[in-house]
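Residue-level listing of the chains:
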Amino acid sequence: MTLFRATVVDTPSNPFTGGRLRSDDDCGLLVQLGVITARGPFETLRRAHPDEPVLDLREGMLLPGMVDTHVHFPQVRIIGGLGLPLLDWLDQCALPEEMRLADVDHARGVARDFVAGLVDAGTTTALVFGAHYAGAVDAMFDVADQSGLRVTTGLVTSDRLLPEPLLTTPDRARAESRELADRWHGKGRLRYAVTPRFSLSASDALLEACAQTLAEVPGSVFTSHVNENLHEIREVARLFGGSAYVDTYDRHGLLTPRAVLAHDVHPSDPELRTLAARGAAVAHCPTSNAALGSGLFPLRRHVDAGVRVSLGSDVGAGTGFCLFKEGLQAYFVQQLLGEAGLPLTSAHLLWLSTAAGADALGLGEEVGVLSVGRQFDAIWVLPEPGDPLAVGLANASSADEALSKVFALGTTSDIAGVWVGGEQIAAGHWRRPGRP
Ligand SMILES: [Zn+2]
């Protein structure tokens, strides 16, 4: 058992429906076998548990671990390919790199780089968009398993319109997916995600094979892309006889409360109604949307329609793994939308980066907030003395204001500790003597 002592900030209730930030100064969290078993004023917990070791994290603030609901593992080495719209970026940047993952040794190196990026950013749970090669996905599961992170991932499948080495068939996709799921789904903190790349590159036969795999692997998640780019949307409509993009998945029964679709920058109202009715979630990837010029995300329309929204860094069309940056960019986008935008507070940004992601992945009862009964997945934000964030935190007049400063000024360098299931998996870039 360990008794953590910290300023604890989280979002146990949804700020989009009236919830508020919860912030407790000098809070005690008793952690036993990875689970928070008591929470309250530190002195009260200390009296009740006088013999337990105390970890004193009172400087800075303790937040739930970040939850990234859309992040491509094969693209970690190509982050920063600026200047292209989606389909040109795929052809020139992403797909040539993804083909290199046919080599399992290469893929294992990429998986290590990728997992290091997640840990460095304080991302403790991720829905990881996998690779087109079973060997590469197997390597990703293996590296994720060793890291201790909560990772849901799977084989990416396509059977048309991509370079030939990235294509498969419905039968092969189903067989390889089952083999990977049998080996890894439910092992430790790993789960399987059924992952057609997007319906642009997936025939109805392939999507049907995906539906079968989803049914055959209880507890698996469905993920793909939707409505990212106007040219892409027109092509999908042409390929599917005028169908709306969301419907290309829905007609195969792929949209459920365990589905996460990335982007959805340009949805129609009927598509939003379908997503809400199925309980499917949307992973909003604001830096990627800006870098590719995809558009400004209509968050208000999603919230008004009752569609669940979480955050994704996308990587590599995004700009890195840090969800503070994604939260800030989400805020910028809503500001730029003017009257159509939904002004966001720091509570919204923390919710989107943590509890909303946990909820989208079906892990809302396990992680996302630092309440009794949840896993202790947490990050300790502690900027170096003299850093503008340290100055800002020292002069913040409220928890909301302090958290705004974390999203505005915070970087991965400010994360001084990362815990998953009570186990510390990373220390910060700078440490003081005697600090964890
Ligand atoms: Zn993506």
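Source: prediction; values computed, not measured.

### Observations regarding the pattern of salt bridges
All told, the structure shown has 24 salt bridges when counted by the stated rule. Glutamate 43 is the partner of arginine 5 in a salt bridge, and the nearest nitrogen-oxygen pair spans 3.6 Å. In this pair, arginine 5 is assigned in strand S1 (residues 2–10) and glutamate 43 in helix H1 (residues 42–48), connecting sequence segments 38 residues apart. Classification of glutamate 43 by relative accessible area gives partly exposed; the value is 41%. Here arginine 238 ties to glutamate 235 by a salt bridge, and the two come within 2.8 Å at their closest N and O atoms. One end of the pair, arginine 238, and the other, glutamate 235, are both in helix H7 (residues 230–239), three residues apart, so they sit about a helical turn from each other.

### Examining the sheet that holds strand S2 (residues 22–32)
Strand order across the open sheet formed by seven strands is S3-S2-S1-S4-S14-S15-S16, with mixed pairing between neighbours. Either end of the sheet is taken by a strand with one partner, and the two such strands are strand S3 (35–41) and strand S16 (423–427). Pairs of neighbouring strands in the sheet enclose a mean axial angle of 35°, with direction left out of account. Here S2 runs beside S3; their pairing, made up of six bridges, is antiparallel. Looking at the pairing, glycine 28 lines up with glycine 40 of S3. Running over the sheet, helix H16 (residues 399–409) touches S1, S2, strand S4 (54–64) and strand S14 (378–381) and is turned about 75° from S4.

### Describing the coordination of the zinc ion
Under perfect tetrahedral coordination by four donors, a metal shows angles of 109.5 degrees; under perfect octahedral coordination by six donors, it shows angles of 90 or 180 degrees. His70 (NE2), His72 (NE2), His225 (NE2) and Asp314 (OD) make up the full set of protein donors to the zinc ion, lying at 2.0 to 2.6 Å. Viewed at the metal, the four donor atoms of the zinc ion are separated by angles of 82 to 172°, and the geometry they form is irregular. Spacing between the donor residues of the zinc ion along their common chain follows H-x1-H-x152-H-x88-D. Here histidine 70 and histidine 72 have matching classes, each one buried.

### What about the environment of alanine 139?
Relative to the helices and strands, alanine 139 is located in helix H4 (residues 134–147). Considered as a pair, alanine 139 and arginine 108 are 31 residues apart in the sequence and their alpha carbons are 5.3 Å apart. Setting aside anything within four residues of it in sequence, one finds alanine 139 in contact with Arg108 and Ala111.

### Quick notes on the nonpolar core
Counting 109 residues, the largest nonpolar core has Leu63, Phe73, Phe114, Tyr249 and Phe324 as its most contacted members. When neighbours within four sequence positions are excluded, leucine 63 is seen to be in contact with Val9, Phe324, Leu350, Leu370, Asp377, Ala378, Ile379, Val381 and Leu403.

### Considerations on helix H9 (residues 269–278)
Of the residues making up H9, those classed as buried are Glu271, Leu272, Thr274 and Leu275. The buried side chains of H9 occupy one side of the element, clustering within an arc of 160° when seen end-on. Within H9, the exposed residues directed more than 90 degrees away from the buried face are Arg273 and Ala277. Close packing links the buried residues of H9 with helix H8 (245–250), strand S11 (259–263), strand S12 (281–284) and helix H11 (299–305).

### Thoughts on helix H13 (residues 346–353)
Counting buried residues along H13, eight of its eight residues qualify, which places the element largely inside the surrounding structure. Inspection of H13 places Ser346, Ala347, His348, Leu349, Leu350, Trp351, Leu352 and Ser353 among the buried residues, and these make up the whole buried set.

### Some words on a nonpolar patch on the surface
A grouping of Leu296, Phe332 and Leu336 is seen on the molecular surface, where their side chains present a nonpolar patch of about 300 Å² in accessible area. Among the structural elements, leucine 336 can be located in helix H12 (residues 323–336). Given the relative accessible area of 65%, leucine 336 is considered exposed.

What counts, and where the lines are drawn
Residues numbered from 1 in each chain as written. Predicted model: local features only at pLDDT ≥ 70, side-chain atom pairs only at ≥ 80, totals over all residues. Heavy atoms only, no water. Salt bridge = Lys/Arg side-chain N within 4 Å of Asp/Glu carboxyl O. Helix = DSSP H or I, 4+ residues; strand = E, 2+ residues; numbered from the N terminus. Buried < 20%, exposed > 50% of the residue type's maximum accessible area, 1.4 Å probe, protein only. Pairing = 2+ DSSP bridges. Axes fitted to C-alpha atoms, helices over the stretch in contact; angles between N-to-C directions. Contact = heavy atoms within 4.5 Å. Donors = N, O, S within 2.8 Å, 3.2 Å for Na, K, Ca; no water. Tetrahedral: all angles 85-135°; square planar, octahedral: opposite > 155°, others 65-115°. Core = buried A, V, L, I, M, F, W, Y, C linked by side-chain atoms within 4.5 Å. Arc of directions from axis to C-beta. Patch = residues over 30% accessible without salt bridge, like charges linked within 9 Å, V, L, I, M, F, W, Y side chains within 5 Å. Areas by Shrake-Rupley, 256 points an atom, 1.4 Å probe, with all protein chains shown as cover.

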